[in-house]
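One-letter residues, chain by chain:
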Amino acid sequence: MAKEERDFRIIGKKAILHIEDRVCETPSELLESRAFREVLQRAVETLRRKNSPLLRIFGEKVEKEDLDLLIQAFGLLTKIPLDVLPRVLPGSENFLKHRMELHGLVEYLYNFWRGFDRFIISVSERRNLDKRPYRTFNATIETLAHLVRSTYRDIQENIANRHPRVYRQVRAGANIAVIAVPREIPLPASYSEKLRRIPIIRQILLHPPLILEPPMNKRTGRFEKIGENPLAQMEFPEREWLAYPAKVGPLLVLIYIHEKFYELGFSLCNLFELADDEDLKRKPDAIYAFGVPGEALDTLAPFPTVFFDDEEKGILVAACPNRDEFGYFGYLKKMVLTLHNIVMMKQGRLPFHGALVRFTFVNGKEVSLLLIGDTGAGKSETLEAFRVLDEERVSDMSIIADDMGSLQIEEGVVRGYGTEIGAFLRLDDLQPGYAFGQIDRAIIMSPSKVNARVVLPVTSFEKVMAGYPVDVILYANNYEEVDDEHPIIERFTNPEEALRVFAAGAVMSKGTTTSTGIVHSYFANIFGPPQYRTLHDALASRFFAEFFRMGLFVGQIRTRLGIPGWEQKGPEEAARELLRILEKE
């Protein structure tokens, strides 16, 4: 489908078109392209396996010559009616005889193409594509969409000999277009040798809502710290990889994405700010290779999602295999956040797994809440319930950290920082209709499965990095019933009591991983603290002592999200009590 013959590949349910800066511009160029023929062959083969009646337009067996004739017919049908076709194309009489089947085949082929996750990758070393992104996007994703749609409509109208009454402007070209350019990144020499040819993503164009069906809908295992650099086991063919330079809080993480998982990698744009040119002038804090082919990682640890702390070079290196069982966005997001947490601990900050939100009340009062807890503990659900609770008393609710962040004590004040500009939320646990209200920005994953998720931008990078004072710190308890002895919100009286609850990290699993029942994880955060427990223990003791010395509200909130029947009502009641507490602070 490119104007010049470029690299087109179909990998599973992905169609990937590599070009420089333009796609084909006329129906004949589209229909005569290698990409169109490959899609047509796959569609016809699928119909053959189903013994479809649509193939009656051919003889008993579909040969190469039959496809050649069909492609010629399609080219003519963009200009002339089907009734005229046999006069100008010998051998096409069967198409007219089976008008309904031909019409059905064109409709099937159109939907077959649109059934792929479709990506355009614009890469050029000679042209500054990233300096004029709108022109590049217009010449690629917009042009292709219009061309595919108009070609389909012309052919169908000339087959049916009538115009439709309703036109639907569906996305017929690509779902996502990416501009990537080779860039010199200040990496250690041993790293640069392997990675310098991999193009760096500079711009991404989405057509949301995107509905993706990744191979996996849950995460399992843990990220293993290993004693050798996994980069030594890898090769990086430049046509198979792209790098997403992510701003993760104050850090720069280069995320190398294999084409098998492009749909997950490109979804990062709704989660992490894309680094600008100035960011790329400094050495990255970490590197993550997501989708390493082969079995090279299997020998490095009991579970092959691994990272290495290259203290000599001052950089963290992580890797994950490209097998289907790792095709879940959580493996991508959580490893990046693990790397963030490790760097934060080394810098003397306390990482947290939780949500940090700044509330502004109508009377001008501002309160920052840190809600800590494991996946499925009810953090996001309680905050969503809070969002719709009482607009008359709360004028603004700013998300600083949706999932992970860090605390720093600066001049006697505990300040909180985030990592992400987006959120990776369970559809089932959101307020009814919320996801649809944001659907024009949404990337939806596995919508028909357990743990269906949506990736949404929810805040700005400026807010993530502002460093707001923290006033209230609560642990999200989703498994305990509420009674006189166990209030919805319970305030702890000393650091030791608080540390016991926070360090135990108890949660009733909601099925977001392969765990079930009540599980425990150190500080509800398996993403860095357990691997650096000695360092984290010292930080936690110092920070919690400071929380109480400063008089912060430290306690736990019982969301009851993990108790059957309380999935909606529990967070709603927790939100009401939370509003009462925050107004008092």
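Heads up: the structure comes first, above all this text.
Each chain has its residues counted from 1, following the order in which its sequence is written. In keeping with the model being predicted, local features are shown solely for residues with a pLDDT of at least 70 and side-chain atom pairs are shown and tallied solely at 80 or more, while totals for entire chains, interfaces and linings include all residues. To get the side-chain values, take all heavy atoms of the structure and skip hydrogens and water.

Visitor: What am I meant to see in the overall build of the chain here?
Guide: Here a helix means four or more residues in a row that DSSP labels H or I, a strand means two or more in a row labelled E, and each is numbered from the N terminus. Assigned secondary structure in the chain consists of 16 helices and 27 strands. Relative to a compact globule of 585 residues, whose C-alpha radius of gyration would be 25 Å, the chain shows 27 Å and is just as compact. Expressed as lengths along the three principal axes of its C-alpha atoms, the size of the chain is roughly 90 × 55 × 45 Å. Buried positions account for 58% of the 585 residues belonging to the chain. Partitioning the contacts of the chain with sequence separation of at least 6, the portion at a separation of at least 24 is 77%. Accessible area for the chain stands at about 23,900 Å²; split by element, carbon and sulfur atoms hold 48% of it. Counting rule applied: Lys, Arg positive; Asp, Glu negative; His and chain ends not counted. Just so you know, the charge point we use is NZ for Lys, CZ for Arg, CG for Asp and CD for Glu. Taken as two groups, the 76 positive and 83 negative side-chain charges of the chain have centres that lie 4 Å from each other. Here the globule rule is a power law, 2.2 Å times the number of residues to the power 0.38, and the radius of gyration is based on C-alpha atoms. Under the scheme applied here, a residue whose accessible area is under 20% of the maximum for its type counts as buried, over 50% as exposed, and between as partly exposed, the area being computed with a 1.4 Å probe on protein chains only. Two residues qualify as a contact provided that any one of their heavy atoms is within 4.5 Å of a heavy atom in the partner residue. Accessible surface area values rest on a Shrake-Rupley calculation with a 1.4 Å probe, where residue burial reflects the displayed protein chains alone.

Visitor: How should the sheet that holds strand β20 (residues 443–445) be read in this particular structure?
Guide: For sheets, the rule is that strands pair by backbone hydrogen bonds, running either parallel or antiparallel. If you walk across this open sheet you meet the 4 strands as β6-β20-β21-β19, and the pairing is mixed. Each having just a single partner strand, β6 (210–212) and β19 (422–426) make up the two edges of the open sheet. Direction aside, the axes of adjacent strands within the sheet are offset by 20° on average. At least two DSSP bridges between two strands are needed for those strands to be called paired. Summarising the sheet, β19 and strand β21 (residues 453–457) pair through 5 bridges and their orientation is antiparallel. Residue pairing across strands places G422 opposite P457, the latter belonging to β21. Only the stretch in contact is used when a helix axis is fitted, and all axes are lines through C-alpha atoms; the angle between N-to-C directions ranges over 0 to 180 degrees.

Visitor: I keep staring at the nonpolar core and nothing clicks. Help me out?
Guide: Burial of nonpolar side chains together is a common tendency in soluble globular proteins. Residues belong to one nonpolar core when they are buried, are Ala, Val, Leu, Ile, Met, Phe, Trp, Tyr or Cys, and are joined through side-chain atoms within 4.5 Å. Formed by 82 residues in total, the largest nonpolar core has its most connected members in I255, Y288 and F502. Sequence-distant contacts of Y288, defined by excluding residues within four places in its chain, comprise L254, I255, Y256, A318, A319, C320, Y331, L332, M335, V336 and L339. Of all hydrophobic cores here, the second largest spans 53 residues; its members include F8, L40, I57 and L109.

Visitor: Would you mind showing me how to read the pattern of salt bridges here?
Guide: Pairing between side chains becomes possible if they bear opposite charge and their charged atoms approach one another. Salt bridges are defined by distance alone: a side-chain nitrogen of Lys or Arg within 4 Å of a carboxyl oxygen of Asp or Glu. Tallied over the entire structure, the rule returns 37 salt bridges. Of the charged contacts, one joins R9 and D7 as a salt bridge, the two residues approaching to 3.1 Å between their closest N and O atoms. One network of salt bridges, with partners in common, ties together K333, K334, D403 and E420.

Visitor: Can you help me understand the pairing of strand β4 (residues 176–181) in this one?
Guide: Regular strands have side chains that alternate between both faces of the sheet. Within β4, 6 of the 6 residues are buried, which leaves the element mostly enclosed by the surrounding structure. The alternating pattern of β4 places I176, V178 and A180 on one face and A177, I179 and V181 on the opposite face, and all of these are buried. Judged from the 5 bridges that link them, strand β3 (residues 117–123) and β4 form a sheet pairing that is parallel. Within β4, the position partnered with F119 by the bridge is I176. Note that β4 and strand β5 (residues 200–206) share 6 bridges and pair antiparallel.

None of the figures reported here should be taken as evidence of function without further support.
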